[in-house]
Amino acid sequence: MLKILQIGLLVLLGAGASVPNMSFAGSQREEPLSNSVKALMQRSVSDRAAPTLTFSTEEEGRAWLNEMSQRLQKRIPDQQYREDFLRTVHYEASRAGLDPQMVLGLIQVESGFKKYAVSSVGARGFMQVMPFWVRSIGANDHNLFLLRTNLRYGCTILRHYVDIERGDLYRALGRYNGSLGKPQYPNLVLGAWRKHWDYTPNSWKVTPRNI
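Residues numbered from 1 in each chain as written. Predicted model: local features only at pLDDT ≥ 70, side-chain atom pairs only at ≥ 80, totals over all residues. Heavy atoms only, no water.

Trainee: If you had to explain the overall build of the chain to someone new, which residues and values would you point to?
Mentor: When helices and strands are counted, the chain shows nine helices and zero strands. Starting at the N terminus and ending at the C terminus, the chain contains elements arranged as α-α-α-α-α-α-α-α-α. Sequence separation of 24 or more characterises 64% of the internal contacts of the chain that already satisfy a separation of 6 or more. Counting every atom, the chain has about 10,800 Å² of accessible surface; 52% of that belongs to carbon and sulfur. (Helix = DSSP H or I, 4+ residues; strand = E, 2+ residues; numbered from the N terminus. Contact = heavy atoms within 4.5 Å. Areas by Shrake-Rupley, 256 points an atom, 1.4 Å probe, with all protein chains shown as cover.)

Okay, structure coming up:
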């Protein structure tokens, strides 16, 4: 009976990725960083280049932006800000070697696309970054509520965890949320990614799935 209840709970949590208003913010754990890793992450969060879409053609970039903008419209009504958000997500995820659509799924689960979200343990912003990262790899003037700063930190941190886990995204997501070894959070992120943000670049007629 206990096993059946546990399975039922996992199914419910896994299905939670399809619930628009659900968030599952957690907290990265502060751990010692080697000097080389710390220096690499410091360089990453200090990047000053202007966010750009990185596609093979301008047409592909416009198609991606238009499609993602339609899907995100209910969450971020302001078109100019919404497109700036999406360009920044795409830029920061791509430069970190992450799938931008997966990062959108993570943001959906972490903060529900709320810029000023704060968790019970103090994680901040779209990607729910813990403030200790600013002390560890950043600078005093880094504001985790600023769009680009938050996304830059979040993508840099997730890339760090992917590297620690040797490419295992499932375990890296667990580390990001501070729940390594538990399936709920990775399942929620991967579920949100597949249901709401999956995108095929060569398919220009994708049915919008607004959330």
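The discussion continues.
Trainee: An account of the nonpolar core is needed here, citing residue identities and associated values.
Mentor: In terms of nonpolar packing, the biggest core is built from 51 residues, with Phe-85 and Trp-133 touching the most fellow members. Elements that contribute at least two residues to this core include exactly α2 (35-45), α3 (58-72), α4 (79-95), α5 (100-111), α6 (132-137), α7 (147-164), α8 (169-177) and α9 (184-197). Examining the composition of this core, we find that eight residues originate from one element, α7, more than from any other. Look past the residues within four positions of Phe-85 in its chain and what remains in contact with it is Leu-72, Ile-76, Leu-104, Ile-107, Phe-113, Phe-126, Leu-147 and Leu-151. (Core = buried A, V, L, I, M, F, W, Y, C linked by side-chain atoms within 4.5 Å. Buried < 20%, exposed > 50% of the residue type's maximum accessible area, 1.4 Å probe, protein only.)

Trainee: Account for the packing of aromatic side chains, with residues named and values stated.
Mentor: All told, the structure shown has seven aromatic pairs when counted by the stated rule. Ring centres of Phe-55 and Trp-64 lie 6.0 Å apart, and the angle between their planes is 45°; on these two criteria the pair is classed as tilted. Ring geometry for Phe-85 against Phe-113: centres 5.9 Å apart, planes inclined by 75°, an arrangement best described as edge-to-face. Of this pair, Phe-85 sits in helix α4 while Phe-113 is found in the loop between α5 and α6, placing the two residues 28 residues apart along the sequence. (Phe/Tyr/Trp six-rings, centres within 6.5 Å; stacked < 30°, edge-to-face > 60°.)

Trainee: Now, about α9: what can you tell me, with residues and values included?
Mentor: With 14 residues, α9 extends 19 Å from end C-alpha to end C-alpha; this agrees with the ideal 20 Å at 1.5 Å per step. Turning to α9, its buried residues are Gln-184, Tyr-185, Pro-186, Leu-188, Val-189, Leu-190, Gly-191, Ala-192, Trp-193, His-196 and Trp-197. (Expected span 1.5 Å × (residues − 1).)

Trainee: A description of the pattern of salt bridges should follow, citing residues and the corresponding values.
Mentor: Enumeration over the complete set of coordinates arrives at eight salt bridges. Two residues, Glu-58 and Arg-62, come together in a salt bridge whose shortest N-O distance is 3.2 Å. Within this pair, Glu-58 and its partner Arg-62 are both found in helix α3, separated by four residues, close to a single helical turn. Its salt-bridge partner being Glu-83, residue Arg-87 comes within 3.8 Å of it at the nearest N-O pair. Taken together, the positions of Arg-87 and Glu-83, both in helix α4 and four residues apart, correspond to about one turn of that helix. For Arg-87, a relative accessible area of 31% puts it in the partly exposed group. A relative accessible area of 15% means that Glu-83 is categorised as buried. Residues participating in the shared-partner salt-bridge network are Glu-92, Arg-95 and Arg-148. (Salt bridge = Lys/Arg side-chain N within 4 Å of Asp/Glu carboxyl O.)

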